[in-house]
Every structure is written in C-alpha cells, then in structure tokens.
Amino acid sequence: MPEPSTPPPLLGPAAGTTVAVIGAGAMGAGIAQVAAQAGHPVVLVDAQPDAADKALATLRQIFDKLVAKGKVTREDADDTLERIRPHTTTDMTTIPPVDLVVEAVVEHLDVKRALFRQLESAQPASTVLATNTSSLSIDDIVGQASTGHDAALHGGTSPPMARPERVIGLHFFNPPPLMKLVEVITGDGSGEGVLDAAAELMRRWGKTPVRCTSTPGFIVNRVARPFYGEAQRMLAEGLADPATIDGALRGAGFRMGPFELTDLIGQDVNLAVGESVWRQTGEDPRYAPTDWQRDLVREGRLGRKSGRGVFEYADGRPVDARPDEHQVQALVGGPLQTDPVARTLAMLVNEGVDLVHRGEATADDVDTAMKLGTNYPRGPFEWLAQIGADTVRAQIDQLDRLYPGGRYRPSEAL
Ligand SMILES: NC(=O)c1ccc[n+]([C@@H]2O[C@H](COP(=O)([O-])OP(=O)(O)OC[C@H]3O[C@@H](n4cnc5c(N)ncnc54)[C@H](O)[C@@H]3O)[C@@H](O)[C@H]2O)c1
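In this text the structure is predicted, and so the values were computed from the model without any measurement.

Definitions and limits used
Residues numbered from 1 in each chain as written. Predicted model: local features only at pLDDT ≥ 70, side-chain atom pairs only at ≥ 80, totals over all residues. Heavy atoms only, no water. Domains from an automatic or database assignment. Buried area = accessible area lost by both parts, 1.4 Å probe. Salt bridge = Lys/Arg side-chain N within 4 Å of Asp/Glu carboxyl O. Helix = DSSP H or I, 4+ residues; strand = E, 2+ residues; numbered from the N terminus. Buried < 20%, exposed > 50% of the residue type's maximum accessible area, 1.4 Å probe, protein only. Expected span 1.5 Å × (residues − 1). Contact = heavy atoms within 4.5 Å. Pairing = 2+ DSSP bridges. Axes fitted to C-alpha atoms, helices over the stretch in contact; angles between N-to-C directions.

Let us look at the domain arrangement of the protein chain. As assigned here, the protein chain comprises domain 1 (14–214) and domain 2 (222–402). The junction of domain 1 with domain 2 conceals about 1,100 Å² of combined surface from both sides, 57% of it contributed by carbon and sulfur atoms. Here domain 1 and domain 2 share 0 salt bridges between them. Only helix H6 (149–154) and strand S8 (208–213) provide two or more residues apiece to the side of domain 1 that touches domain 2. For the side of domain 1 that touches domain 2, the element with the highest residue contribution is S8, accounting for 5 residues.

Have a look at this one:
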C-alpha cells in the first residue's frame, strides 16, 4: 500500500488544524459542527447560494437551545460558531488550503469524482481528502481501479487521481453530532498513516472509529440488510403481520422493529440502500430487495414522512401498530421458518461473520459498528457466542432448504 512521504498534519493542536466541509446539507452541517466543537477552524462550502449561510443560521438556533438548556456555555457556543466560515462556490480553487477536507455533497459518483479531481489539484499534497459517501466505492471515486459496478453506470472516463494514498472514507451517521460511530473506509490506495491519523482525529472529535474496506455498504449498511429483508419476506409469505414481527424483535432487545424503523428511515431511502448493495454485489440473492418494498415505494407509501408506509400515521404516531402478543409468544422459540427472532439473528450473524471472513473488518469493529450505528442490543459476534456457530449454521442450512436460490448461503467461516 503506498505511503505518503510525510504523515498528514491532522493531529497537531486543533486550532491550527484546518478543515473544509464540502456540502452544507444535513450531513455537512452536522460534520462542520462536530469539527468546530473540537476546536478546528472550518470552512463550510456549498454550491447553492445561501445554503452554507442557512446551515450556519440553523446551527446558531441549535446552539441557542443548547445554551438555554445549560448544555453549552454562551461563550463556547459563540466560539464554536465563530470558527465556521460559510463559503458559496463550485470552484474548489477558491477554498483556502486546509489539512482535512470532508466531502458531503450529493450521492452521485460523477459529481464526487469531479470534485475530488478539483480538490486534488487545488489543495496541498498533504491535505487528507475524505468522502462521507454511504454507498459509493472509494476506488471508483479515485478512479484508479474501477470495480465495475457504479462506475459502469455513471461512466468513469476521467483519469485516476495521482495521490490515492490521501483519499479515504469518513462515514458519519445521521445526525453527526449525536451519533458516535464513524466508519473509516480504506480504499485500495489509501495510506495506512493517513487512516491511522484520521481514526485518531475521530477519537479526538469524541467519535468511535471503526475500520472497513470499501466493500458495498461498508459494515453497517451491509450487515443490517437481513434485519429488514427477513421481516419483509416473512410478511410477504403471510407468516405474520408487521406489528407482530416488530413486537417479536423488540422483545429480543431491538429498540425498534424492522417495519417501524424503515417507516422512520423512509421506505424509499431504505430501498435505495438495499438496491445499491444488491447491485454492487453483482445482484447477490442475499441482498435482493423485495417486490413488496418496491410496491410500497411505487405507491408512495414512504413511511412517517408521507403519513403512510407499512403503518398509517396520525400526528406522527403509528395508528393500529399493536402486536398480537399471543402470536409473538407462539412464534418466538417456535419453528425456525416462523420465528422472526431466530431467522433474523441467524442471518445477521451469517452476514457479520462473512464480512470478517472476507477480511473487510475485524469482529470487534463489526460488533461496535452495529451497536453504535444501528442501536442493536448486541453485535453479531456476541450473538454468535451466545447461539453457537453450529446452531447458526444449521439454521441457515434449513432456511436454504426451505427457500433455495442462494439467499440463505452459509458463510464458509461458520
Ligand atoms: N442523510 C444521511 O442519513 C446520510 C448518512 C451518511 C452519509 N450520507 C452521505 O452524505 C452525503 C450528503 O448527504 P446529505 O443527506 O447531507 O445530502 P443533502 O442533499 O442534505 O446535502 C447535500 C448538499 O451538497 C450541496 N452540493 C451538491 N453538489 C455540490 C458541489 N458540487 N459542490 C458543493 N456543494 C454541493 C447541495 O447544494 C446540498 O446542500 C451523501 O454522500 C450521502 O450519501 C448521508
């Protein structure tokens, strides 16, 4: 793996380490807040006139509330806001030289590829260039080794970046100030020294970094797929109703069931992530989205935001989403095919084990990521220790016999 000639200057005093955040949307504004609270001068850049100013005005309101609640002093709030400088441009040469760029613009490969090429020539060679992409491959952004999936869709004709060692992923979760997890993503060419420094910087920002390769969905968005997929398949087969499946999983310690959670995330957003992972894995049947969810989205039943998803909503609360508690009792611990908990846990464990087996992340990082990124009560490896590899393997084998076709393919590591 290529190394930078000098280590990146990310870990000096915060006041002397400068940050640019490109994209002042939901994520960019939150990342700018986190960096400024850690003491860095931040340039918050957006292409849309007023977007960065509006983001700063919203941050001002957030800090007013935090001051009113006594969570932050007026002085700290003013100092933090003072460190963020809004800047409207599409021309990256107008951004002053900084030590770290975090890109959080729209999730389009061609836009990000163009932006990174501009940044590469506009910023000093020592500047670390990070993307907050949720689903694109770092290697496709760098353009040095097209992996074929999204690059093929968006065209990938621009030349590869000259210094891939300084390009990494820093995948924050929404909302960045509250979510502890940051996935630090390694592209094929990312330098080890750059990744180590970025992970240490995230710790200094009060975050918990985990490391992952640029595999589709990284850790969280990959391993979480079966949490939604199993529930949707059980529902589509008429094995139980949504509220009862949700109730069963809440009973196993999940804060929300898969249906109420996807209604909250947005069925369209959840489906888009699922489609992206499926496409990027060469349409692996393990990740095939369900027609049931596609129909939901086609009908505009997007969840809470549209007033109707799996459940109907009145005043932001689900109507008639009460589980049949007798049925929950009967299903959980019963035959595998109709046990929402056993089916889901077996598939989550299988997915986590497989990710580690392929060398994409460590077992500890997978457990940490799933607990912090999705609020799971345990990580897949903690469940593995509890359930036992033989049992999980037998469960996946049984599901594979019931539903042949490759979705229930046990990891070799089981
Ligand atoms: N929303 C989430 O939950 C979430 C979570 C993790 C990661 N992400 C990723 O973060 C990124 C941003 O997501 P978001 O939800 O904040 O999007 P958003 O649509 O809220 O904001 C994107 C901003 O980028 C600006 N922009 C677009 N092109 C630009 C350009 N060329 N130069 C400068 N500014 C430009 C837009 O004007 C907009 O203000 C995406 O890559 C997304 O996949 C999102």
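The next thing to look at is the pairing of strand S2 (residues 42–46). Within S2, 5 of the 5 residues are buried, which leaves the element mostly enclosed by the surrounding structure. Here S2 shows no split at all, with Val 42, Leu 44 and Asp 46 on one side and Val 43 and Val 45 on the other all buried.

Between Asn 174 and Pro 175 the backbone carries a cis peptide bond, its omega angle lying at 0 degrees. Of note in the backbone geometry, Phe 218 takes a positive phi value of approximately 50 degrees without being a glycine. By the secondary structure assignment, Phe 218 is in the loop between S8 and helix H8 (220–223). On the accessibility criterion, Phe 218 (1% relative accessible area) is buried. In the Ramachandran plot, Glu 283 falls in the positive-phi region, its phi being about 55 degrees despite a non-glycine side chain. Summarising the element assignment, Glu 283 is placed in the loop between helix H12 (267–280) and helix H13 (291–298).

The next subject is helix H16 (residues 363–374). When the terminal C-alpha atoms of H16 are compared, their 16 Å separation across 12 residues agrees well with the 16 Å that a helix rising 1.5 Å per residue should span. Each element contacted by the buried residues of H16 is listed here: strand S7 (181–186), S8, H8, helix H15 (340–357) and helix H17 (380–387). Just downstream of H16 lies Asn 375, where phi reads positive at about 65 degrees.

This brings us to the sheet that holds S8. Taking strand neighbours across the sheet as the criterion, the 8 strands line up as S3-S2-S1-S4-S5-S6-S7-S8 in an open arrangement whose pairing is mixed. In the strand order of this sheet, the two ends are held by strand S3 (84–88) and S8, each with one partner. Between one strand and the next, the sheet's axes are offset by a mean angle of 25 degrees, whatever the strand orientation. Bridging between S2 and S3 involves 5 bridges; their strand directions are parallel. Within S3, the position partnered with Val 45 by the bridge is His 87. Sheet strands in contact with helix H2 (residues 51–68) are S2 and S3, and its direction is about 155 degrees off that of S3. Running over the sheet, H16 touches S7 and S8 and is turned about 120 degrees from S8.

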